[in-house]
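These are the residues of each chain, in order.
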Amino acid sequence: MSESWTELDKIDVIRERMGIGYEEARTALNLAQGDLLKALDDLERVRNGLGQEKHFEECGKGILDSLKSTVSNINHSTISLKRHDNTIISLSAPLGLALAYTIWRKPSLRLLALVGAVGAALNHFELEVASKAEYPYDGEAGEF
């Protein structure tokens, strides 16, 4: 076969090697985004019992680890209101987010907050969000 295989050529190879029908071979090739070797490897994994369950478990663990890392970074961050390098107020990020949400939910406070934000910007106030690097997520299950 030439270097540029058609989809039908790839499906034929998958069918011959794995002993499956056209529809299953075409589905495997589509799931592998046209990559013949990946399609063959995926089908082999499914045949050997290492298929989708293991793949979904690994994806789920990766998502959970990423979520733990994000929550940890938020928990160890601060939000500070500054003017001319002087800190006026400093809050933990979770407390600052909860306060902002509470203010935003009340229409009367929302208007007051917007007026205050415009006034603060005109008077050169700065809002700084800082993360404390000494508390990285350690990767251990259940620990932040």
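Whatever comes next refers back to the structure up there.
Residues numbered from 1 in each chain as written. Predicted model: local features only at pLDDT ≥ 70, side-chain atom pairs only at ≥ 80, totals over all residues. Heavy atoms only, no water.

1. A word on the pattern of salt bridges
Part 1 of the reasoning: Taken as a whole and judged by the stated rule, the model has four salt bridges.
Part 2 of the reasoning: Close ionic contact of Asp42 with Lys38 constitutes a salt bridge, the shortest N to O distance being 3.1 Å. Taken as a pair, Asp42 and Lys38 lie in helix H3 (residues 36–47) at a separation of four residues, close to a single helical turn.
Part 3 of the reasoning: Here Lys38 falls in the partly exposed class, since its relative accessible area comes to 41%.
Part 4 of the reasoning: Notably, a salt bridge pairs Glu128 with Lys82, separated by 3.2 Å at the nearest N-O pair. (Salt bridge = Lys/Arg side-chain N within 4 Å of Asp/Glu carboxyl O. Helix = DSSP H or I, 4+ residues; strand = E, 2+ residues; numbered from the N terminus. Buried < 20%, exposed > 50% of the residue type's maximum accessible area, 1.4 Å probe, protein only.)

2. Observations regarding the nonpolar core
Part 1 of the reasoning: In this structure, Ile14, Met18, Ile20, Ala39 and Leu43 are the most contacted members of the largest nonpolar core, which totals 13 residues.
Part 2 of the reasoning: If you list the elements that add at least two residues to this core, you get helix H1 (7–18), helix H2 (22–31) and H3.
Part 3 of the reasoning: When near neighbours in sequence (up to four residues on either side) are disregarded, Met18 contacts Leu40, Leu43, Glu44 and Arg47. (Core = buried A, V, L, I, M, F, W, Y, C linked by side-chain atoms within 4.5 Å. Contact = heavy atoms within 4.5 Å.)

3. Describing the sheet that holds strand S1 (residues 77–83)
Part 1 of the reasoning: Taking strand neighbours across the sheet as the criterion, the three strands line up as S2-S1-S3 in an open arrangement whose pairing is antiparallel. Two strands in the sheet have a free side with no partner beyond their single neighbour: strand S2 (86–92) and strand S3 (125–131). Taking the axes of each pair of neighbouring strands and ignoring which way they run, one obtains an average angle of 25 degrees across the sheet.
Part 2 of the reasoning: Where S1 and S2 come together, six bridges link them in antiparallel fashion. By the bridge assignment for S2, Ser80 is matched with Ser90.
Part 3 of the reasoning: Helix H5 (residues 93–105) contacts S1 and S2 of the sheet and is inclined by roughly 90 degrees relative to S2. (Pairing = 2+ DSSP bridges. Axes fitted to C-alpha atoms, helices over the stretch in contact; angles between N-to-C directions.)

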